[in-house]
Each structure stands twice: as structure tokens, then as C-alpha cells.
Amino acid sequence: MAKQMRVFAFDFNGPAHLSAGTWRHPKDRGHEYTNLKYWTEYAKLLESANFDGIFFADNDGYHENYKGSVADSLKDAAQIPTNDPAYLIPAMAAVTENLSFGVTSSTAYDVPYKLARKFSTLDHLTDGRIGWNVVTSYSTAAARNLANQEQVAAHADRYNRAEEFIDVATRLWEGSWEDDAVVVDKENGVYVDPSKVHDINYEGTHFSVPGIHQCEPSPQRTPVIFQAGGSPRGVELAAKTAEAVFMNAIDKPTLKKQVDALREKAVEFGRDPEHIATLQMITVISAATDEEAQAKYREYLNLVSYDGAMARYSGWTGLDMASFDPDKPLKDVEAKGTATMLTFFQKVDAEKEWTPSDIAEYTGIGGTSPVIVGGPETVADELSSWMEETGISGFNIANALKFQDIKDFTEFVVPELQKRGAMRTSFSGPTLREHLFGEGVARLPEDHPGSAYRKQSTEAR
Ligand SMILES: Cc1cc2nc3c(=O)[nH]c(=O)nc-3n(C[C@H](O)[C@H](O)[C@H](O)COP(=O)(O)O)c2cc1C
């Protein structure tokens, strides 16, 4: 039987995320994002199709590099406007039993004490179905608006802060309250046994937290830690602390190399690589037949907005793509510092001379993620081959049309995957950690550095 893939819907609390211009399609429902009923309907759809969860991207800032302004981002709703995804979670959890939630939250402008409380609250209210996607924020708008700085902090500094941030938050989640601290003894008037709640006494470079965590222990205590950084430092931090890594490789051989490198690094840090799930971002356009799916894809491509795609791409790369001729191969401007971007697209197709127009067409549907277009069998075959050839645990499924593409996936692809035994039909254990690693694994495993902060019950000591 095929290995069962973990499947998350990749989404964003705004009208549009990675795809550019497709929000104009009559079937797109992105404009409903301010309506809680939209999200609860979505949650029920995902749960009925046995999705493992929904994963919310989030940004502290906005894309403002294209033409030196946020204007084209606003016109295409290019990740702006955007509401805070955390507030959606309790409502979506209330209408589901098993669906899990990944929430992106940056370490750049927050402090561990507050973030730990936010995620403990979410872990309580979801009965342990919450994950935290740790990001370090690359947006200059975020730096200006949140920290009164013109530029984002240097890459290494952002990661040093992130590493310390995770460490402090984990101390609060694991090390402050003993399991049996909450006694709710009405007779003797003791709600919490004070001898079982401990100061974490933390004093470090970026943070100082002398006291106790504000929340009582939640089902998972530490939320499942997700991460998506692809740089050597990002991979190192993931290998040390992540339990699920969100990959964005352009093809299977590249993904396999990334997965193998991550697993090797995890071993170097004394961790079992099986304790890190890997999820590839992928966009799926599906229909009843290959022909219908291809027709749908062509329809979407016709809607792609050049300026919307370039507004996003300029934000992601830090370049102003308006300074290049849309139809001139970018190799001519290599000297101007486009090396990273060029390598990315040369890897997609080394023979091709990539122009900004080509990049807009490629990224217009699903951003830089690979796109699978097809009927049930084609999509199931392709997803299965990504699993088999790379050793990943599953996928984060992005969309071109909000709600509609995932609905199509549940209708056309999920039954085929389930028929093949490649997707789950029931859940193992109630928490997200158990969904990923099996029943009974609700808490951080022993080989995770955070487990060292765990307090034994005072009585057991
Ligand atoms: C698939 C994927 C999804 C990401 N989602 C977010 C996000 O929602 N918010 C964010 O601020 N950064 C996001 N990032 C950015 C990364 O978390 C990270 O900050 C960025 O890749 C720079 O780190 P690196 O130099 O280690 O790659 C994402 C990256 C990838 C690859």
C-alpha cells in the first residue's frame, strides 16, 4: 500500500495570496475573507475531505518594492489587505473535530512571552490542533512600521533572534508549569498549586523573562513547530527545532536533495529525522478529466495580472521588477544583481531565456510553487511520484481560485487518493502532533531540545 500523504490547504487571511489577478474569476471567493461563515464553511469542507489541516501564511508587512510603491499590490490585492489569521482559528476549530491549523507568526517584532500565551490559548481552544510557523520577516514595510527601521535586520541577526525566541517560548511552554499544577480544589480553596509553577529565570541576548508562563498546560504544550526558511541558516534552525518543514522546491530532484540535507543535519543535532515532517508547496488545478483541467488552467492563465505578479515577485526578491523590460531576457541584466532570481528560474528550465513576462506567467498561478494540472488519475499519479521520489511526508496545497480549487481537489482528487490508500480516511489521535507522528505523541519528543525544559512532577523527583 502507498505511504499516506499528509495534506494541508495553504491559505491566507486576505482576498488573494500567491496567484495574481485570478481573484477576478467569477468563481473565486477571496473577497469573502472578512466573513467568518466563509471560513467555517471552508473548515467543514476540509475536514469532510480528511485534510490534515489548513496552513495560514501571514506577513507583518506588505509588498512595496514594485515601482517603489504599494499601489500595484493594493490594486491586485497582492497579500494586502490581510487580517490576522489567529482570530479565525477558534471559530474553525468549533465546527471541526480533527482539522488542524498552522499559523504563521514572525519572531522579528514580537516577544516570546506574548507569543507563547497566544499559542497556548489556541492550543487550549483547538484541543491541541495548533502549529506555529516560525518566520523571520523579510519586509521593509514591516521594519519601518513596526520597528522604526528603514531596513530589515541582517539575515544572520534575524535568525539568531528566531533561535533564541523559540528557545524562550519553549521554556515557557514546557518548563514553567508541572503537569499536575492545576488542582481546582474547591474545598481547600486552591486552584493552582503554587509549588508546581516555576519561574523560567531566562536572561539572554534579545530577551529577558524571569517569571512564570501565564497559561496552564495545554494539550500539546508546545505547538507543532513549522518552518520554511531555505537558506543554510534556515535549514540549520529547522534541523534543530522544527517538527515540520515547509518546502518550496521547483522539481523532484531538487526537493530530494533538500529533504536529504535536512535529515542529515537533523542527525547532526542528535534528532531522529523521522521526527521532522516535510511538506512541499504545490498548486493543483483539477477537474473531472485532463482536458477539462487544462481548459480551466488556460482560463486562469488569461486572468494573470502582470503587475500583480511583479508586485509580489518584487516583494519576495527585494528587486524592483519595473526596472527591467518585460520582454527582454534577464540574463542581460545579470550584472545588476539578479543572480538569485536568475538561478531560480534557470533551474526551472535551463534552456530558456527567462523574461519578466515569463516569470509573471509562471508565478501568476501559485507563486513559485510547481503546478499540477489534470483529472483525478493524473493528479494522483503526480502527487504519488513526488512522494515516492523525494521521501516527503506530504503537501501544502496552494490555489489559483480561493475555495474553488480546493473544493475541486476534494471532489476530484481526494477520492482517487483514498481509493489508492494514499490519503487518510480517519485520524490518529486528536492532536496535530499525533496526526503527523502517530497516536500518543501529543508532546514534544525526547530528542527535541525543548523537551529538556520539561519539569518532572515535584512528587516524582
Ligand atoms: C513555502 C514558503 C512559505 C513561506 N511563508 C511565509 C509567510 O507566510 N510569511 C513570511 O513572513 N515568510 C514566509 N516565508 C519566508 C520564510 O519563512 C523565510 O523568512 C524566507 O524564506 C527567508 O529565509 P531563508 O533566507 O532562510 O530562506 C515562506 C517561505 C517559503 C519557502
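Nothing here was measured: the structure is a model prediction, and the numbers come from that model. (Residues numbered from 1 in each chain as written. Predicted model: local features only at pLDDT ≥ 70, side-chain atom pairs only at ≥ 80, totals over all residues.)

A. Representation of the overall build of the protein chain in the model. Across its full length, the protein chain holds 15 helices and 13 strands. Here the C-alpha radius of gyration of the protein chain, 22 Å, is about what a compact globule of 461 residues would show, namely 23 Å. Overall, the protein chain is about 75 × 50 × 45 Å in size when its C-alpha atoms are taken along their principal axes. A sequence separation of at least 24 residues applies to 77% of the contacts in the protein chain between residues at least 6 apart. (Helix = DSSP H or I, 4+ residues; strand = E, 2+ residues; numbered from the N terminus. Rg over C-alpha atoms; globule rule 2.2 N^0.38 Å. Contact = placed C-beta atoms within 7 Å.)

B. Structural context of the site of the ligand. The full set close to the ligand counts 17 residues, and Ala-57, Ala-228, Gly-229, Ser-231 and Gly-234 are the nearest of them. Taken together, the residues of the shell around the ligand sort by class into six nonpolar, ten polar and one charged. (Near = placed C-beta within 6 Å. Nonpolar A, V, L, I, M, F, W, Y, C, P; charged D, E, K, R; others polar.)

C. Geometry of the packing of helix α10 (residues 306-317) against helix α12 (residues 356-364). Contact pair α10 / α12: the axes reach a minimum separation of 9 Å and the direction vectors enclose 85 degrees. If you check the angle between α10 and α12, you find them roughly perpendicular. Across the interface between the two elements, Tyr-306, Ala-309, Met-310, Arg-312 and Tyr-313 of α10 pack against Pro-356, Ser-357, Ile-359, Ala-360, Thr-363 and Gly-364 of α12. Of the residues assigned to the contact of α10 with α12, the class counts are seven nonpolar, three polar and one charged. (Axes fitted to C-alpha atoms, helices over the stretch in contact; angles between N-to-C directions. Parallel < 35°, antiparallel > 145°, perpendicular 65-115°, else oblique.)

D. How the structure looks around the packing of helix α4 (residues 112-125) against helix α6 (residues 155-175). Orientation of α4 relative to α6, taken along the N-to-C sense of each, is 50 degrees, at an axis distance of 9 Å. Classified by the interaxial angle, the pair formed by α4 and α6 is oblique. Handedness of the α4/α6 crossing: right-handed. Every residue of α6 that contacts α4 at Pro-112, Leu-115, Ala-116 and Ser-120 is listed here: Phe-165, Val-168, Ala-169, Leu-172 and Trp-173. Among the residues forming the contact of α4 with α6, the class breakdown is eight nonpolar, one polar and no charged. (Left-handed = near helix turned anticlockwise from the far one by under 90°.)

E. Spatial organisation of the pairing of strand β3 (residues 100-106). Of all seven residues in β3, six are buried, a share of seventy percent or more. In the sheet, strand β2 (residues 53-57) pairs with β3 via four bridges, with the strands oriented parallel. By the bridge assignment for β3, Ile-54 is matched with Phe-101. Looking at chain direction, β3 and strand β4 (residues 130-135) are connected through six bridges and run parallel. The residue bridging Val-103 from the neighbouring strand is Trp-132, located in β4. (Buried ≥ 20, exposed ≤ 12 C-beta atoms within 10 Å, placed from the backbone. Pairing = 2+ DSSP bridges.)

F. Highlighting the environment of Ile-80. Position of Ile-80 among the secondary structure elements: in the loop between α2 (71-75) and α3 (89-94). Note on Ile-80: 20 C-beta atoms within 10 Å, which makes it buried. Considered as a pair, Ile-80 and Ile-406 are 326 residues apart in the sequence and their alpha carbons are 21 Å apart.

G. How the structure looks around unusual backbone geometry. Across the junction of Ile-80 and Pro-81, the peptide omega takes the value 5 degrees, indicating a cis bond. Checked against the element boundaries, Pro-81 lands in the loop between α2 and α3. At Lys-67, a position not held by glycine, the phi torsion is positive, near 55 degrees. For Lys-67, the location among the structural elements is in the loop between β2 and α2. When the 16 C-beta atoms within 10 Å are taken as the criterion, Lys-67 is described as partly exposed.

H. Molecular detail of the environment of Ala-154. Within the secondary structure layout, Ala-154 lies in the loop between α5 (140-147) and α6. By the C-beta count within 10 Å, which is 9 here, Ala-154 ends up exposed. Residues Ala-154 and Arg-443, spaced 289 residues apart in sequence, show a C-alpha to C-alpha distance of 34 Å.

I. Quick peek at α10. Taking 1.5 Å per residue as the helical rise, α10 with its twelve residues ought to reach 16 Å, and the 16 Å between its terminal C-alpha atoms agrees with that figure. Burial analysis of α10 places nine of its twelve residues in the buried class, the great majority of the element. Taken as a whole, α10 has its buried residues at Asp-307, Gly-308, Ala-309, Met-310, Ala-311, Arg-312, Tyr-313, Ser-314 and Gly-315. Residues of α10 that are buried sit in contact with α2 and α12. Following α10 by one or two positions, Gly-318 adopts a phi angle in the positive range, close to 80 degrees. (Expected span 1.5 Å × (residues − 1).)

J. Inspection of the nonpolar core at higher detail. Of all hydrophobic cores here, the largest spans 96 residues; its most connected members are Phe-8, Ala-9, Ala-244 and Ile-397. Looking at this core element by element, the count peaks at eight residues for α6. Once residues within four sequence positions are removed from consideration, Ala-244 is found in contact with Gly-131, Val-224, Phe-226, Ile-276, Ala-277, Leu-279 and Leu-436. Ala-77, Met-310, Tyr-313 and Tyr-362 belong to the second-largest nonpolar core, a separate cluster that totals 19 residues. (Core = buried A, V, L, I, M, F, W, Y, C linked by C-beta atoms within 7 Å.)

K. Helix α1 (residues 36-48), seen in detail. Under the 1.5 Å per step criterion, the end-to-end length of α1 is 18 Å for 13 residues, consistent within 8% with the ideal 18 Å. Looking only at α1, the buried set comprises Trp-39, Tyr-42, Ala-43 and Leu-46. In a view along the axis of α1, the buried residues occupy a sector of 100 degrees, so they form one face of it. Exposed residues pointing more than 90 degrees away from the buried face of α1 are listed as Lys-37 and Ser-48. Buried residues in α1 make contact with β1 (6-12), β2 and α3. Looking one or two residues past α1, Asn-50 carries a phi angle of roughly 65 degrees, positive in sign. (Arc of directions from axis to C-beta.)

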